Amino acid sequence: MNNHSSPINNSLTQYFRERWMLFILLAVFLFLKLPHLHYPFYWDESWSYAPAIELMYKHGPSLMPNAIDIFYSRGHPLLFYAAAGAWMRVFGDSHVSQHSFALFLSALLIVSVYEVSRKVFDRRVALFAAGMLCVQVMFFVQATFLLPEIMVSLFVLLSLYFYYAKKPVATFICCTALLLTKESGLVLGLILGIHSFLYLVLNKKEIFVVRLKMFCSLLLSGIAIGIFYIIQKKINGWYLFPEHMGMIGHSIYGKFTNYLELLFYNNNRYLVYQVLLLLSLTTAIRFQNVWYAASLLPGIAFYVLFANKLPSLPAAVLGAFVLIALGIGAAMFIRLNKDGKADRFLYPTLYFLAAYLCFSCINFFTGRYVMCAMVLLLILTAWYFVRLVDRWPSAMYYGLLGVVILIGLYGFRRDTNLEDTNLGAFNGMRVEEGLVDYMEAHHLYDKNIAASSFQEREHFQKPYTGFLHSNVVFTHVKVQIDSATDYIVFDNIEPDTRYESIEHNTAYKRVYRVSNGNAWGEIYMRKQ
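These numbers were taken from a predicted model, which means no experiment stands behind them.

This paragraph deals with the sheet that holds strand 3 (residues 487-491). The 5 strands lie next to each other as 2-1-3-5-4, forming an open sheet whose pairing is mixed. The open sheet has two edge strands with one neighbour each: strand 2 (476-478) and strand 4 (508-516). Strand-to-strand twist in this sheet, taken as the mean axis angle between neighbours without regard to direction, amounts to 20°. Sheet topology places strand 1 (residues 448-451) next to strand 3; 3 bridges connect them, and they run parallel. Within the sheet, the bridge partner assigned to isoleucine 449 lies in strand 3 and is tyrosine 487. Here helix 21 (residues 454-461) sits on the sheet in contact with strand 1, strand 2 and strand 3, set at roughly 165° to strand 2.

Excluding glycine, residues mostly carry a negative phi; peptide bonds, for their part, are mostly trans. The backbone of tryptophan 43 sits at a positive phi, close to 55°, despite the residue not being glycine. Within the secondary structure, tryptophan 43 is located in the loop between helix 1 (7-33) and helix 2 (44-59). For glutamine 288, which is not glycine, the phi dihedral falls at a positive 50°. Residue classification places glutamine 288 among the exposed residues on the basis of a relative accessible area of 75%.

We now examine the pattern of salt bridges. Counted under the stated rule, the structure contains 18 salt bridges. Lysine 58 is paired through a salt bridge with glutamate 54; the nearest N and O atoms lie 3.9 Å apart. Note that lysine 58 and glutamate 54 are positioned in helix 2 at a spacing of 4 residues, about one turn of the helix. Judged by its relative accessible area of 60%, lysine 58 falls in the exposed class. On the basis of relative accessibility, which here comes to 16%, the residue glutamate 54 falls in the buried class. Through salt bridges that share partners, Asp44, Glu149, Lys182, Arg368 and Asp420 make up one connected network.

Its place among the elements puts alanine 86 in helix 4 (residues 79-91). Note on alanine 86: relative accessible area 31%, which makes it partly exposed.

Taking 1.5 Å as the rise per residue, helix 2 with 16 residues should run 22 Å; its terminal C-alpha atoms sit 21 Å apart, in good agreement. The largest bend in helix 2 is about 30°, located at alanine 50, with the proline proline 51 one to four residues further on. Where burial is concerned, most of helix 2 is hidden: 12 out of the 16 residues are buried. Buried within helix 2 we find Asp44, Glu45, Ser46, Trp47, Ser48, Tyr49, Ala50, Pro51, Ala52, Ile53, Glu54 and Met56. Packing partners of the buried residues in helix 2 comprise helix 3 (70-73), helix 4, helix 5 (95-120) and helix 21. One or two positions beyond helix 2, positive phi appears at glycine 60, with a value near 105°.

Looking now at a nonpolar patch on the surface. Taken together, the side chains of Trp20, Met21, Ile24, Val28, Phe31, Leu32 and Leu34 make up a nonpolar region of the molecular surface, amounting to roughly 720 Å² of accessible area. Mapped onto the fold, tryptophan 20 is located in helix 1.

This part takes up the pairing of strand 1. In this sheet, strand 2 lies alongside strand 1 in parallel orientation, the contact comprising 3 bridges. The residue bridging asparagine 448 from the neighbouring strand is histidine 476, located in strand 2. Between strand 1 and its parallel partner strand 2, the chain crosses via helix 21, and the hand of that crossover is right-handed.

We now examine the packing of aromatic side chains. Geometry of an aromatic ring pair is reported as the spacing of the ring centres plus the angle between the planes. Under the criterion given, the structure shown has 49 aromatic pairs. Plain terms: the ring middles of phenylalanine 29 and phenylalanine 140 are 5.8 Å apart, the flat faces sit at 90° to each other, and that makes the pair edge-to-face. One end of the pair, phenylalanine 29, is in helix 1; the other, phenylalanine 140, is in helix 7 (residues 137-142), and 111 residues separate them in sequence. Residue classification places phenylalanine 140 among the buried positions, given a relative accessible area of 9%. The ring of tyrosine 163 is capped by arginine 344, whose NZ or CZ atom sits 4.1 Å from the centre of that ring. Just above the ring of phenylalanine 287 sits the side chain of arginine 391; from NZ or CZ to the centre is 4.1 Å.

About the cut-offs
- Residues numbered from 1 in each chain as written.
- Predicted model: local features only at pLDDT ≥ 70, side-chain atom pairs only at ≥ 80, totals over all residues.
- Heavy atoms only, no water.
- Pairing = 2+ DSSP bridges.
- Helix = DSSP H or I, 4+ residues; strand = E, 2+ residues; numbered from the N terminus.
- Axes fitted to C-alpha atoms, helices over the stretch in contact; angles between N-to-C directions.
- Contact = heavy atoms within 4.5 Å.
- Buried < 20%, exposed > 50% of the residue type's maximum accessible area, 1.4 Å probe, protein only.
- Salt bridge = Lys/Arg side-chain N within 4 Å of Asp/Glu carboxyl O.
- Expected span 1.5 Å × (residues − 1).
- Bend = angle between axes of the 7 residues up to and from the residue.
- Patch = residues over 30% accessible without salt bridge, like charges linked within 9 Å, V, L, I, M, F, W, Y side chains within 5 Å.
- Areas by Shrake-Rupley, 256 points an atom, 1.4 Å probe, with all protein chains shown as cover.
- Right-handed = clockwise from strand over helix to strand, strands pointing away.
- Phe/Tyr/Trp six-rings, centres within 6.5 Å; stacked < 30°, edge-to-face > 60°.
- Lys NZ or Arg CZ within 6 Å of the ring centre and 35° of its normal.

Honestly, it's all geometry; don't read function into it.
What follows is the structure, given as structure tokens:
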């Protein structure tokens, strides 16, 4: 009998030995997210993405700009919609099926963060990065939402990795998929295109054919998305959705501070970076190496910015100080990569983060748009932690990992906002369900109902949002309150400025109130 293990068994054993902590992390994350699969659609899911994907499901997967109603697609490239529609063709059109598609993408992102970090850096960075990602409130909430930001983050990461690994075919596939998912992907496409062109022209050490293949892979991605926009122009009369174009350029400084706050401050991340700052300064002093203190100047800049320590300082001056601090910190950070092995990943990643900051300052801004930048920043943060820990006893790695995970988990307790990037979103869903349940239970389908909340109006009139218990809808729902109004619906998810006047108006009485956590909703009825 041959007692020797086969090469296949040895390789499988090695594979699982290197990833057992990832599998545990992934299993716990998926277990905690399973209850969210049956939830109704919320916020942008309910009025835009869910109905658009339902249309794509009925139409059949397609990337043509006119495949579904422009009101729902908002002129976005259609890969996300087509992929979700194809998923529904296999697994059905239930809410569980659609949210499972989102969760599948989220699981792929966790695995990709681990694998990319492991191959570019090492297993310690991989576990640190994947662990931090799983305890981010934004990612945890978005992981089952039918929204494209997780897919964008996945293709951003994979495009950067395959570009780093010099795999032209995979780079073309992932970059093209990114560009066909959302317009924000153009930022990375442009960064990698410029980087590959300069690499082609200036880097004489690398074999020319290799350089040319990488440049051509990105050029072909640009041609592919260019064809989509040309067809869109021919069919719809514009390249980019006019309503979105009208939102460009407003409150640039406000978006600049929001972007940095979401990345470096929210969800207790400021505590993580305070730990990182303390470790970097301690390591720099202990081992007399100034490069370890890369976080010092950005830390000071963020303290001034977030703590509003210099309120009289002009926004332009403060913004310039923060940018200079980030630039110097990034330059010092790069110096930590002594062997240069990861430079081809680090430089494009930092260029992308800077370019995406500029893009976010002029684009319409909402919290979940920073997801792709947050994923990359977590990987860089994990690498920074591990590089610092290299100089200390090995036990410190697991201690710091535990501290960072606990900080993230503590952030769950403090997260109370009701937006679709916060845990309060689930409280908001329950409140909105309660309001619809009351109206259904009292058979008020033909009453005149006023609701300033766009979400509420959608929930009362669109069965696919998941709040109605049948296909019977409320037929008279509008924004205006007038002499014909029978019922008025309020909530604090989308606050109504008319609430106080109605609350004290003797012509109306409150007949129902529902609350869950910090979310609440009320229904007022006109007195007879």
